[in-house]
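Close look at the chain arrangement
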Amino acid sequence: MNSTSQPASRPFHVLAKPIGPICNLNCEHCFYLVKEQLYPDVKSFRMTEETLEHFIQQYIEGQPEHTPEVNFAWQGGEPTLLGVEFFQQAVELQERYRRPGLRISNSLQTNGVLLDDQWGAFLHEQNFLVGISIDGPEQLHDRYRRDRKGRGSFRSAMAGLEALKKHEVEFNTLTVVQNDNGDHPDEVYDFLKEIGSQFFQFIPIVEPEGDGKASYRSVGSEQYGRFLNRVFDHWLEQEDVGTVFVRDFDMLLGLVMGQPSSVCVHAETCGLAAAIEHNGDLYSCDHFVNKEDLLGNVTGQTISEMIDGVKQTEFGRDKRDTLPRPCRECPYLAYCFGGCPKDRLVNTPDGEPGLNYLCAGYKLFYSHTLPVMEKMAKCLRAQRPASDYHNIEAIVRDMAVAQGLAMGRNDPCPCGSGLKFKRCCGEKGANAN
């Protein structure tokens, strides 16, 4: 296959759906099962060898020249339905098109039901990171995650997790937060720790039903905020800072440190995280797989051309440019940027569209956690672990002494933030709770 890809202007990510929406479970809250309707005449949703090669070649060659790493994220549906052989072929193609010095990594999101020794051995050998979908202990997990006969999937998922552990496969957990488990943050957190997860992803379920409303399965906005806040407090109480990592907390701490958002949901713009279907169709986003947001197909256009194209560029900018006034004037704008466009279901009090369904929950989360996050950021600037946030005032005093710095109210803060002491670790900072 000849190279035809010109590098894109910026690094981009593509979420691969090599078996489309086909899954061995029938989870009530899954938003992707209905995507089968996009391809009513398709009998096999298995990505062909030709399409797989087009995708892998273009994804690698389309990255800017000095991109150090390309991550392949495989999802579904349920990608393990394709069998180990499919991913063996993918790894071989990645090596064929990998340029010197480029790192290739792979991640696989799965419900865990089909994982066994063969999968464990392969995933370990090829150093895959596995995300396993678990919504909490059995009664919470099985509330909506059931098979096609209506049976709970918890025990099968736990058997799959044991296969990962047996073969020392690195894994994290993805937990959807819905109306049921959203009232049990401590129980969910403790369970995830108990099964050995050290990295938690919490994804809120929001199923629109029109007029700014969401389904009964959806997590309530304030319920979601309370869930995250209690997980945060429990994380601190358990002294898990630095040993258990929660994606929402990592992202917020990075934003406080002045870094760009590590999660597209809270980035200022989007458009650099596309999704590819089984037949090579490229869509603007995993949550916008529909006819209106189809960018093209890898057999007729290159991925980099589509990512840099007018349609996708406008899609990405719309996230920022269509924010309603309450968002633009919100004190938490720099941490939220209106959230994911898929959740902008509510009208403002003035009737302006585009307010995020989860807005109230996000505000609860930011107001509760930012004071501690700011202390953690000061620790990191002082080259101390974030877990030292309790002692930030003493740390700053020691730094000032070691550097021979004054600590007058109008002097630069010794923590290195660039702010005056009175605006950082002085009285204002010391009183933050």
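First, a word on what this report is: a plain description of the structure on this page.

What counts, and where the lines are drawn
Residues numbered from 1 in each chain as written. Predicted model: local features only at pLDDT ≥ 70, side-chain atom pairs only at ≥ 80, totals over all residues. Heavy atoms only, no water. Helix = DSSP H or I, 4+ residues; strand = E, 2+ residues; numbered from the N terminus. Disulfide = S-S within 2.5 Å. Buried < 20%, exposed > 50% of the residue type's maximum accessible area, 1.4 Å probe, protein only. Axes fitted to C-alpha atoms, helices over the stretch in contact; angles between N-to-C directions. Parallel < 35°, antiparallel > 145°, perpendicular 65-115°, else oblique. Left-handed = near helix turned anticlockwise from the far one by under 90°. Contact = heavy atoms within 4.5 Å. Core = buried A, V, L, I, M, F, W, Y, C linked by side-chain atoms within 4.5 Å. Pairing = 2+ DSSP bridges. Expected span 1.5 Å × (residues − 1). Phe/Tyr/Trp six-rings, centres within 6.5 Å; stacked < 30°, edge-to-face > 60°. Right-handed = clockwise from strand over helix to strand, strands pointing away. Salt bridge = Lys/Arg side-chain N within 4 Å of Asp/Glu carboxyl O. Polar contact = N/O pair within 3.5 Å; in protein donor to acceptor, adjacent residues only side chain to side chain.

Section: unusual backbone geometry
Omega for the peptide link from G76 to G77 comes to 10 degrees, which places this bond in the cis form. Here G77 shows up in the loop between strand 2 (69-74) and helix 2 (84-97). Its identity is not glycine, yet F337 carries a phi of approximately 50 degrees, on the positive side. Among the secondary structure elements, F337 is positioned in the loop between helix 12 (333-336) and helix 13 (359-381). Its identity is not glycine, yet Q383 carries a phi of approximately 60 degrees, on the positive side. Structurally, Q383 can be placed in the loop between helix 13 and helix 14 (392-403).

A closer look at the state of the cysteines
Evaluation of the coordinates by the stated rule reveals zero disulfides. C23 takes part in no disulfide bond, and the closest cysteine sulfur, belonging to C27, lies 6.1 Å away. By relative accessible area, C23 is classed as buried at 14%. Cysteine C30 is unpaired, with the sulfur of C27 as its nearest cysteine sulfur at 6.3 Å. Taking the relative accessible area as the measure of exposure, C30 reaches 32% and is therefore partly exposed.

A short note on the packing of helix 13 against helix 14
Where helix 13 meets helix 14, the closest approach of the two axes is 10 Å, and the angle between their N-to-C directions is 30 degrees. Our classification of the angle between helix 13 and helix 14 gives roughly parallel. At the point where helix 13 passes helix 14, the crossing takes the left-handed sense. Facing helix 13, whose interface residues are K375, K378 and C379, helix 14 presents I392, E393 and I395.

Quick look at the nonpolar core
Counting 102 residues, the largest nonpolar core has F55, W74, L123, F202 and M376 as the members making the most contacts within it. If you tally residues by element for this core, the top one is helix 13, at nine residues. For L123, the contacting residues outside a window of four places in its chain are L108, L115, F128, V130, L164 and V169. Residues Y39, A275, Y283 and V289 belong to the second largest nonpolar core, which totals six residues.

Let's talk about the sheet that holds strand 6 (residues 199-204)
With mixed pairing, 10 strands are arranged side by side in an open sheet as 9-6-5-4-3-2-1-10-11-12. Edge positions in the sheet fall to strand 9 (245-246) and strand 12 (294-297), since each of these pairs with one other strand and no more. Two strands pair when backbone bridges link them, and strand 3 (residues 103-110) and strand 4 (residues 129-133) are joined in this way by four bridges, in the parallel orientation. Paired with S107 across the bridge in strand 4 is L129.

With respect to helix 7 (residues 221-237)
Along an α-helix, residues three or four positions apart point the same way, because every turn accommodates 3.6 residues. For helix 7, with 17 residues, the first-to-last C-alpha span of 25 Å sits near the 24 Å given by 1.5 Å per residue. Burial within helix 7 is extensive, with 12 of its 17 residues counted as buried. Within the sequence span of helix 7, burial applies to S221, Q223, Y224, G225, F227, L228, N229, V231, F232, H234, W235 and L236. Contacts from the buried residues of helix 7 go to strand 5 (171-177), helix 6 (185-194), strand 6, helix 8 (247-256) and helix 13. Just downstream of helix 7, E239 is the residue with a positive phi angle, here 55 degrees.

Topic: the packing of aromatic side chains
The final tally for this structure, using the stated rule, is 29 aromatic pairs. Both rings, one in Y332 and one in Y366, keep their centres 5.6 Å apart while their planes meet at 35 degrees; by these two values the pair is tilted. One end of the pair, Y332, is in the loop between helix 11 (325-328) and helix 12; the other, Y366, is in helix 13, and 34 residues separate them in sequence. Counting every residue linked through ring pairs, the aromatic cluster contains F12, F55, Y59, F72, W74, F86, F87, W119, F122 and F128.

Here's the deal with the pairing of strand 4
Across the five residues that make up strand 4, a large majority, four, are buried. Of the crossover connections in this fold, the one passing from strand 3 over helix 3 (residues 117-125) to the parallel strand 4 is right-handed. In this structure, strand 4 lies alongside strand 5, joined through four bridges in parallel fashion. Its bridge partner lying in strand 5, V130 is registered against F171.

Some points on the pattern of salt bridges
In this structure the tally under the stated criterion is 19 salt bridges. In this structure, E53 and R96 form a salt bridge, with 3.2 Å as the shortest nitrogen-oxygen distance. Separated by 43 residues along the polypeptide, E53 in helix 1 (residues 49-61) and R96 in helix 2 bring together distant segments of the chain. You can call R96 exposed: its relative accessible area is 56%. Note that D343 and K342 form a salt bridge whose closest N and O atoms lie 2.9 Å from each other.

Structural notes on the side chain of S261
Along the chain, the position of S261 falls in the loop between helix 8 and strand 10 (273-276). A distance of 2.6 Å separates a polar atom in the side chain of S261 from the backbone oxygen of V263. In this structure S261 touches M251, L255, H266 and A267, once residues within four positions along its chain are discounted.

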